[in-house]
Amino acid sequence: MALTDGFGRPHTTLRLGLTERCNLRCVYCMPAEGIPLTPTRAMLTTDEIERLARVLVGTGVDKVRLTGGEPLVRKDAVEVTERLGRLGLRSLALTTNGLLLEDRLPALRAAGLTDLTVSLDTLRADRFQEITRRPGLDTVLGALDTALGLGYAIDGPRSLKVNVVAMKGVNEDEAADFAAWAACAPIEVRFIEVMPFDGNGWDRTELVPWTATRDAIEAVHGPLTPLDDGPSSTARTFTRPGWRGRIGFVASMTAPFCAGCTRLRITADGALKVCLFGARELSLRDALRSGATDAEVVALVTAALAGKAAAHAGMDVLAATDNRPMITIGG
Ligand code: SAM
Ligand code: SF4
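Draft legend 1. Seen up close, the site of ligand 2. The environment of ligand 2 is formed by eight residues, the closest being Cys22, Cys26, Cys29, Gly69 and Asn97. Grouping the constituent residues of the shell around ligand 2 by class yields six nonpolar, two polar and no charged.

Here is the structure:
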């Protein structure tokens with residue numbers, strides 16, 4: 001039986017931050033002045049990550065997503081994947097910016113990586129540099145090709161998604177181009193509404209509501225057909241007759257999906273967060289290092305879940321609320 005919160009939501013998904021570090025500086029994620037990095041000794045070790053994952057798998061978690069920061073910047077990212085791959089998960093997923101992916105993907109696949117999400121906000125090299133403050137578009141596109149070659153595809157046993165943060169006046173004019181890609185390749189392109197986090201200077205005028213992105217795609221490609229999404233899905237997905245891929249919209253701002261939330265998060269320094277937007281945290285690292293038993297760890301998570309809110313606040317309240325920068329939470 002999975003752990004449930006006060007609203008009866010079973011928590012079967014864990015997002016695990018592997019690091020706060022990143023080799024990109026995306027304008028919506030990394031504060032312009034950078035972030036003060038947590039000392040290495042305060043980060044979860046490989047053994048601690050494995051233990052927390054194993055304890056939570058024992059409570060019914062069957063899906064783990066590795067994130068960050070850029071998870072592949074962590075030197076032992078493949079080893080972490082191998083260890084988690086032995087826990088018998090239904091899904092072992094990775095969200096990455098793709099820069100360090102191509103070489104590691106065969107090992108990650110062998111380690112049991114079932115679901116791959118690559119973040120890519122533009123198909124234009126100059127914009128890639130503006131958004132991420134680094135070059136690298138060709139490297140990311142090369143990694144995506146390799147992923148398709150290794151069998152990551154929406155119609156196979158392993159999935160492949162591309163995350164696109166939609167930003168007004170920055171990349172909103174590329175929605176139809178991304179859709180053209182989804183038309184001919186077996187990928188899911190997910191448009192994400194840009195969200196406020198500490199230090200990212202969020203401004204609601206940057207938001208492109210998911211309906212506007214959908215309309216821009218339909219204006220070029222014709223009407224989209226809705227697909228049947230599960231109750232805990234973060235995205236509404238659509239396709240068109242004859243398309244190989246599909247489109248998804250993650251509307252965290254204009255149409256939050258809290259009612260079906262099944263997610264727990266553990267940051268790279270071991271803080272449990274029961275909501276991406278909740279400032280409340282509990283250090284599982286400290287619990288482990290002070291000798292907590294597995295049962296005591298489960299009790300801590302259960303207590304934190306009992307305090308989980310039914311839904312996160314509206315976007316303007318969130319923009320004015322203290323929280324960590326996204327890069328230290330894990331998107
Ligand atoms: N570095 C990896 C990457 O970029 O895929 C993993 C971590 S990143 C924080 C996870 C996801 O969060 C990425 O798809 C990124 O685009 C998204 N993200 C980061 N900041 C965001 C924001 N302010 N609003 C919406 N999505 C955001
Ligand atoms: Fe790095 Fe990912 Fe944040 Fe971009 S979105 S700065 S790649 S952690």
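Draft legend 2. Structural detail: the pattern of salt bridges. Evaluation of the coordinates by the stated rule reveals 16 salt bridges. The partner of Arg214 in a salt bridge is Asp215, and the shortest N-O contact between them spans 3.3 Å. Asp215 gets classed as partly exposed once you look at its relative accessible area, which sits at 41%.

Draft legend 3. Geometry of the site of ligand 1. Taken together, 20 residues sit near ligand 1, with Tyr28, Gly69, Ser119, Asn163 and Met195 positioned nearest. Note that a nitrogen atom of ligand 1 is positioned 3.0 Å from one of the backbone N or O atoms of Gly69. Residue Asn163 places a side-chain N or O atom 2.9 Å away from an oxygen atom belonging to ligand 1. Surface burial for ligand 1 is 95%, taken as the share of its 540 Å² of free accessible area covered by protein chains. Of the residues in the shell around ligand 1, the class split is eight nonpolar, 10 polar and two charged.

Draft legend 4. Structural view of the packing of helix H2 (residues 77-85) against helix H3 (residues 101-111). Orientation of H2 relative to H3, taken along the N-to-C sense of each, is 15°, at an axis distance of 8 Å. Here H3 runs roughly parallel to H2, going by the angle between their axes. Note that H2 runs across H3; the crossing there is right-handed. Side by side, H2 and H3 meet where Ala77, Val78, Thr81, Glu82 and Gly85 of the first sit next to Arg104, Ala107, Leu108 and Ala111 of the second. Partitioned by chemical class, the residues of the contact of H2 with H3 number five nonpolar, two polar and two charged.

Draft legend 5. Structural view of helix H1 (residues 46-58). Its 13 residues place the ends of H1 18 Å apart at the C-alpha level, agreeing with the 18 Å of an ideal helix rising 1.5 Å per residue. Here H1 has its buried residues at Thr46, Glu48, Ile49, Leu52, Ala53, Val55 and Leu56. Of the surrounding secondary structure, the elements contacted by the buried residues of H1 are strand S3 (13-17), H2, strand S12 (263-266), helix H8 (284-289) and helix H9 (294-306). In the segment just after H1, Gly60 is the residue with positive phi, at about 115°.

Draft legend 6. Seen up close, the layout of surface pockets. In this model, the second largest pocket occupies a volume close to 350 Å³. If you go around the second largest pocket, you meet 16 residues; those closest to its centre are Thr19, Arg21, Thr40, Met43 and Arg74. Looking at the lining of the second largest pocket, its residues break down into six nonpolar, five polar and five charged.

Conventions used here
Residues numbered from 1 in each chain as written. Chains lettered and ligands numbered in written order. Predicted model: local features only at pLDDT ≥ 70, side-chain atom pairs only at ≥ 80, totals over all residues. Heavy atoms only, no water. Near = heavy atom within 4 Å. Nonpolar A, V, L, I, M, F, W, Y, C, P; charged D, E, K, R; others polar. Salt bridge = Lys/Arg side-chain N within 4 Å of Asp/Glu carboxyl O. Buried < 20%, exposed > 50% of the residue type's maximum accessible area, 1.4 Å probe, protein only. Polar contact = N/O pair within 3.5 Å; in protein donor to acceptor, adjacent residues only side chain to side chain. Areas by Shrake-Rupley, 256 points an atom, 1.4 Å probe, with all protein chains shown as cover. Axes fitted to C-alpha atoms, helices over the stretch in contact; angles between N-to-C directions. Helix = DSSP H or I, 4+ residues; strand = E, 2+ residues; numbered from the N terminus. Parallel < 35°, antiparallel > 145°, perpendicular 65-115°, else oblique. Left-handed = near helix turned anticlockwise from the far one by under 90°. Contact = heavy atoms within 4.5 Å. Expected span 1.5 Å × (residues − 1). 1 Å grid on protein atoms, 1.4 Å probe; cavity = no way out; pocket = protein on both sides within 12 Å on 5 of 7 lines; lining within 4 Å. Points joined across faces, edges and corners; volume = space filled by probe spheres on them.

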